[in-house]
Amino acid sequence: MTSQTPPSPSFLPSAPSWSRRGFLASTAAAGAALAVGLPQQAVAAGAGGAAAADDEFAALRAKWRTLYLGEGFSPTAEPFKSKLATLGAQAKSWHDAMAPTDGSLWPDAVFGDPDPDTDTESYGYSEKIQTSYERVRAMAEAFCQPGTGLTGDASLKTAVLTAVDHLGTQVYNKSQAQYGNWYNFQIGAPQRLLDIAILMYEHLSAEQLTAAVEAIDHFVPDSLVAKYTGTSTGANRIDLCRVLALRGILDGTAAKVALARDAVSPVFPYVTSGDGLYADGSLIQHTYVPYTGSYGAVLIDGLSKLFALLGDSTWAITDSGRQIFLDSVEDAYAPFLHDGLMMDNVSGRAISRGLVATDPLKIQQDDHARGHGVIASIVLLGLGASAEENARWRALAKGWFTRDHYSDVTTGRTLGVAALSRVTSLLDDSTVKPAAEPTGHHVFPSMARATHRTKRFTASVSMSSKAITFYENGNGENVRGWHTGSGMLSWWAADDSDGGGQYSDGYWPTADPYRLPGTTVSRKQLTDAEGGTWGAARPDTAWVGGATDGTYAALAQDVRGLSSTLRAKKSWFFLDDAVVCLGAGITSTDGAAVESVFDSRNLGAAGTARLTVDGRPQPTSHPWNAAHPHARWAHVAGHGGYVFPGGTSLTTLREERTGTWRSINGGGSTDPVTRRYVTLLADHGTDPSDATYAYILMPGASELRTAARALDRGWLDVDVNSGARQGVRVPSLGFTGVTFWEPGSVGRVTVDAPLIVQIREKRDGTATVSVSDPNRAVKAATLTWRRPVRSVTSKPGTVTGAEPGRELKLTFGDLSATGGLTQKVTVRLG
């Protein structure tokens, strides 16, 4: 795609009457401007030149004010009326509780560190700096927004200015040494201070502006963006650029704004390691963590605002690389958005935040809240994209929002006023038709994730490898996410009984962390934060990934247990209405039980969904469990069905589980949360050797359709399920999928190297052969398919020879260099 020059956003107003244009409208005012750092050349140009120069900075301040406050909404109409009233009430409570003293602005937010360093205790103190500025920003917004009950309130204005002075004098100034978490000083505090300064610009003195910019220059020097490395990459880099841009706009320092614009550019190019956006759509932060839904959310939020802020100005972001990021909307973000939610398996430690103890409104942060934020950013980003992209994204966004039956965005629960004003405008626009959920399969080898969409269901599998962590914890967050990368299979049926709230409704504090759906794990007890922080815990294996033709897929993971001797080979085959799941080579010597969890469904606070096994209803009481030695199928009403080819030893249980967000996140609420679960699993026993499992997951299937699939012995052939090879065929779909852990033959397919192979024969007389090297170690490979083939109609660059005839033989070159991506060949059948 070609680079697009961003149009002038139509929603941005001219500079309002509150602008301090008179501040630079005379020589005297120009002299005063020197006190707040206006560039010498602007002053030297004389009063007229200074005023002209300030016109653009005033316009940019007005833009940011509008981006922050929103526009075009009625403060007397819902949901804005309630949101604004709530904002006013919250601001009043902060105003009333404010008690400036040494080391704090509020008694419950002490930032004065008696022993400042970078230990855990100091992290807590530095966080309170950010917390204090956050409260002051809310007070400033309540002062500026209409309908808060405090709009223009003189007492509130005085409190805001007092708070700014106190924080500046006490801790955020040019003489203070940084302590605790760098983020609080370089991003958290300055972003909030700058928002306050722009919102309250006409009420701040030159001395207050000077103090603010000097403090920011002290903690956020230009050198922080001199190199693209360390904590100055990805989402963090964009956060720093936002600070630099607004700092320059605040006092008219053109060089700062130019630096911010230029420092954005290193974010755009695809990366091949470490943090950033990959060509396959993966998005990594903290080196080892898939982060599309959290740091990726910060990235798209920051870029969408910078594009809008600087667009049509002297400092518009015109780097041709910006198109790479615009393409990421559909290549990187959209695959993980489903009916308004952002999948948890790309949100890192953010999944543990839920209810924060200090949130007086008790608003849960969940997959829908994260999804709404990302979608709102896509809507804003569209204003800086091409007309065609903007139209597509608006249709996608409207579709995502209108299909979200768990969390209605128009209630205002998940978005701030500004974002909500843009979203409601979109929803009210009758010319935009909601787009259907895109179908297809996407493999993201660089972050060990995959997503699958059909008209019946959406699913995603999360894996881990040498390059991708089992799970991320840090700052006391997500301390029991141990097994989220051990093959967790998340799914949502088209007509879910819970409206898409399976992993939203109190899931993470109540789910059994040893029994996440789709995983094979040892029951060996782990400690909180087992394996280390910030993605340090990673398995010693590279094999993870899959092959796809864009519709179906064959995936595999070489599972290694976290702090465990567990080993397992897991394969998934994604189809129209089902996922075929195989496990083999399941071995452990931990002295603990090993389980493969077919599923564990959240039934809500009082759910009694009917469970049947081979057509026989099971008890709805809890706690309850039972063993079914020769089960052939099972069904959970309102959720889906499970078929066990050849029968299996099935364990089922019901339980009511109670937990708190504090148990998985140090900052979480201590309020108890209780949810009911029904779980289906294979108990492999203590220290199993070479155990196996096989099941067909049918999301959203009725009991009748599940039973019919179990009776249809010809629908699925499991050709092999061993630690060397795992392969299936579904004749009615023309599907063959094989994981060759070792070279060899399965059915008609032979390979001479470890590969994943998927073949799909179509009714038009063609077939697509898809191959990948998840281990990224195959220098050359030959695939033979004993099937009459007339011709090869397409081939990738890695195929060096094709020999059609009685059988197909494909010779691939260096697959290790493809980054685990699928190589596809289309052939015409004989």
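This text gives an overview of the structure that appears in the document. Since this is a predicted model, take the numbers as computed values, not measurements.

**Let's talk about the overall build of the protein chain**
Each helix and strand counted, the protein chain has 17 helices and 33 strands in total. Against the 2.2 N^0.38 benchmark of 28 Å for 830 residues, the protein chain shows a C-alpha radius of gyration of 29 Å, consistent with a compact globule. Dimensions along the principal axes, computed over C-alpha positions, put the protein chain at roughly 90 × 60 × 55 Å. Across the 830 residues in the protein chain, those meeting the buried criterion constitute 60%.

**Section: the pattern of salt bridges**
Counting across every chain of the model gives 42 salt bridges. Two residues, Glu134 and Arg192, come together in a salt bridge whose shortest N-O distance is 2.6 Å. Remark: Arg192 occurs in helix H7 (residues 182-199) and Glu134 occurs in helix H5 (residues 120-144); sequence separation between them is 58 residues. Asp505 serves as the salt-bridge partner of Arg675, at 2.9 Å between the closest nitrogen and oxygen. Placement of Arg675 in strand E20 (residues 673-686) and of Asp505 in the loop between strand E9 (488-493) and helix H16 (507-510) is noted, with a sequence separation of 170 residues between them. Taking the relative accessible area as the measure of exposure, Asp505 reaches 23% and is therefore partly exposed. Counted as one network, the salt bridges with shared partners bring together Glu134, Arg137, Arg192, Asp195 and Arg242.

**Side note on the packing of helix H12 (residues 322-333) against helix H14 (residues 387-402)**
At their nearest, the axes of H12 and H14 sit 11 Å apart, and the two run at 30 degrees to each other. With respect to their mutual orientation, H12 and H14 come out roughly parallel. Note on packing geometry: the crossing formed by H12 with H14 is left-handed. Residue-level inspection shows Gln323, Leu326, Asp327, Val329 and Glu330 of H12 in contact with H14, the latter providing Glu389, Arg392, Trp393 and Leu396. The residue inventory of the contact of H12 with H14, partitioned by class, reads four nonpolar, one polar and four charged.

**Side note on the pairing of strand E18 (residues 624-636)**
Pairing analysis gives three bridges linking strand E16 (residues 611-613) to E18, with the strands arranged antiparallel. Bridging across to E18, Thr612 finds its partner in His635. Relative to strand E19 (residues 640-659), E18 runs antiparallel, the two being bridged by 10 bridges. Residue pairing for E19: Ala627 is matched across the bridge by Thr651. Counting the residues between successive antiparallel strands, the hairpin from E18 to E19 contains three residues, one of them, Gly638, with a positive phi of roughly 80 degrees.

**Things to note about the packing of helix H4 (residues 80-97) against helix H15 (residues 417-427)**
Contact geometry for H4 and H15: axes closest at 11 Å, N-to-C directions at 175 degrees. The orientation of H4 with respect to H15, classified from their angle, is roughly antiparallel. Residue-level inspection shows Phe80, Lys83 and Leu84 of H4 in contact with H15, the latter providing Val417, Leu420, Ser421 and Thr424. For the contact of H4 with H15, the residue count by class is four nonpolar, two polar and one charged.

Calculation criteria
- Residues numbered from 1 in each chain as written.
- Predicted model: local features only at pLDDT ≥ 70, side-chain atom pairs only at ≥ 80, totals over all residues.
- Heavy atoms only, no water.
- Helix = DSSP H or I, 4+ residues; strand = E, 2+ residues; numbered from the N terminus.
- Rg over C-alpha atoms; globule rule 2.2 N^0.38 Å.
- Buried < 20%, exposed > 50% of the residue type's maximum accessible area, 1.4 Å probe, protein only.
- Salt bridge = Lys/Arg side-chain N within 4 Å of Asp/Glu carboxyl O.
- Axes fitted to C-alpha atoms, helices over the stretch in contact; angles between N-to-C directions.
- Parallel < 35°, antiparallel > 145°, perpendicular 65-115°, else oblique.
- Left-handed = near helix turned anticlockwise from the far one by under 90°.
- Contact = heavy atoms within 4.5 Å.
- Nonpolar A, V, L, I, M, F, W, Y, C, P; charged D, E, K, R; others polar.
- Pairing = 2+ DSSP bridges.

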